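# Residue-level structural notes
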Amino acid sequence: MDITQLILDDHHEQRRLFAILEQIDRADTGVLSAIWSRLATFLELHAAAEEAIFYPSLLQVGLASRRGTGVEAETLDAIHDHNEIRDAVTEVARHQVGTDAWFAAVAAANLANSDHMGEEEREGLTDFRRLAGLQRRHELAVAFAAYEARNFAGVPAVDKDPEAYVREVEEELPSPSAGSASTGSASTGSASTGSASTGSASTELPSTGSLSIGSLKRG
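Residues numbered from 1 in each chain as written. Predicted model: local features only at pLDDT ≥ 70, side-chain atom pairs only at ≥ 80, totals over all residues. Heavy atoms only, no water.

## Concerning the nonpolar core
- If you look at the biggest cluster of nonpolar residues, it comprises 32 residues, and the most contacted ones within it are I3, I53, F54, F128, F144 and Y147.
- With 11 residues, the top contributor of residues to this core is helix α2 (residues 29-64).
- Counting residues in each nonpolar core, the second largest holds 21 residues, with L21, L32, W102 and A109 among its members. (Core = buried A, V, L, I, M, F, W, Y, C linked by side-chain atoms within 4.5 Å. Buried < 20%, exposed > 50% of the residue type's maximum accessible area, 1.4 Å probe, protein only. Helix = DSSP H or I, 4+ residues; strand = E, 2+ residues; numbered from the N terminus.)

Below is the structure:
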């Protein structure tokens, strides 16, 4: 099991659910509402799981491999994207199900999510496969699956400041001498994401030193 594959599996399911919405009769508002409710809940749960499990670990292995600037930029972009997706989902709720305005808002959410998934698949997931060992990716997959299972009913949608998220995660990282970034286990909780502990899968993350993220702020 590999966390990058679990994330790709989630992406496939999100694309599938958006495609289903496009094929349902506009008059069948009960079905449209049910599918959208499931998708909206899933989008937020997936983002929360990434913020609790995946992105702290991407920062960890990137910083330990002296690729801090790259992984910080990728993480800033990802949190920014998650906020845009949350805002798009909120916009859907402002419209009556099945109307032109509702479908336009769903299409905007689909576009925001598709852009994020494509970028994440090209950058964050690719980098993590290069930088993290198989055992670590397995342990993180266990933590990721457990997070989604325990929160299957959904989690609160709360926008995060990208720079504050990266800064808070990095401040919790212990010194590089604490161990290898590509091994160990999978808990990565931070002040902004909550705990990601899964019992036996518990580890700490290495320190970033004095890296600055001010110049990486996305416009």
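Moving on, there is more to tell.
## Concerning the packing of aromatic side chains
- Taken as a whole and judged by the stated rule, the model has 5 aromatic pairs.
- Note on F54 and F128: the rings are 5.2 Å apart at their centroids and 70° apart in plane angle, and the pair reads as edge-to-face. Residue F54 is located in helix α2, and its partner F128 is located in helix α5 (residues 124-131); the two are separated by 74 residues in the primary sequence.
- Among the residues examined, F128 registers a relative accessible area of 0% and is labelled buried. (Phe/Tyr/Trp six-rings, centres within 6.5 Å; stacked < 30°, edge-to-face > 60°.)

## Section: α5
- Where burial is concerned, most of α5 is hidden: 6 out of the 8 residues are buried.
- For α5, the elements touching its buried residues are α1 (3-22), α2, α3 (68-92), α4 (100-122) and α6 (134-150). (Contact = heavy atoms within 4.5 Å.)

## With respect to unusual backbone geometry
- A positive phi is found at R66, a non-glycine position, where the angle reads about 60°.
- Along the chain, R66 falls in the loop between α2 and α3.

## A short note on the pattern of salt bridges
- Summed over all chains, the structure comprises 11 salt bridges.
- The salt bridge partner of R16 is E13, with a shortest N-O separation of 2.9 Å. With a gap of 3 residues between them, R16 and E13 both fall in helix α1, about one helical turn apart.
- We classify E13 as buried; its relative accessible area is 17%.
- A salt bridge links E91 to R94, with the nearest nitrogen and oxygen atoms 2.6 Å apart. (Salt bridge = Lys/Arg side-chain N within 4 Å of Asp/Glu carboxyl O.)

## Observations concerning α1
- When the terminal C-alpha atoms of α1 are compared, their 29 Å separation across 20 residues agrees well with the 28 Å that a helix rising 1.5 Å per residue should span.
- Turning to α1, its buried residues are I3, T4, L6, I7, D10, H11, E13, Q14, L17, F18 and L21.
- On its buried face, α1 sits against α2, α4, α5 and α6. (Expected span 1.5 Å × (residues − 1).)

## Topic: the packing of α4 against α5
- Contact geometry for α4 and α5: axes closest at 3 Å, N-to-C directions at 25°. The pairing of α4 with α5 is recorded here as roughly parallel in orientation. Counting all contacts with α4, which are made through E119, E120, E121 and R122, the residues of α5 involved are G124, L125, T126 and R129.
- Within the contact of α4 with α5, the residues separate by chemical class into 1 nonpolar, 2 polar and 5 charged. (Axes fitted to C-alpha atoms, helices over the stretch in contact; angles between N-to-C directions. Parallel < 35°, antiparallel > 145°, perpendicular 65-115°, else oblique. Nonpolar A, V, L, I, M, F, W, Y, C, P; charged D, E, K, R; others polar.)

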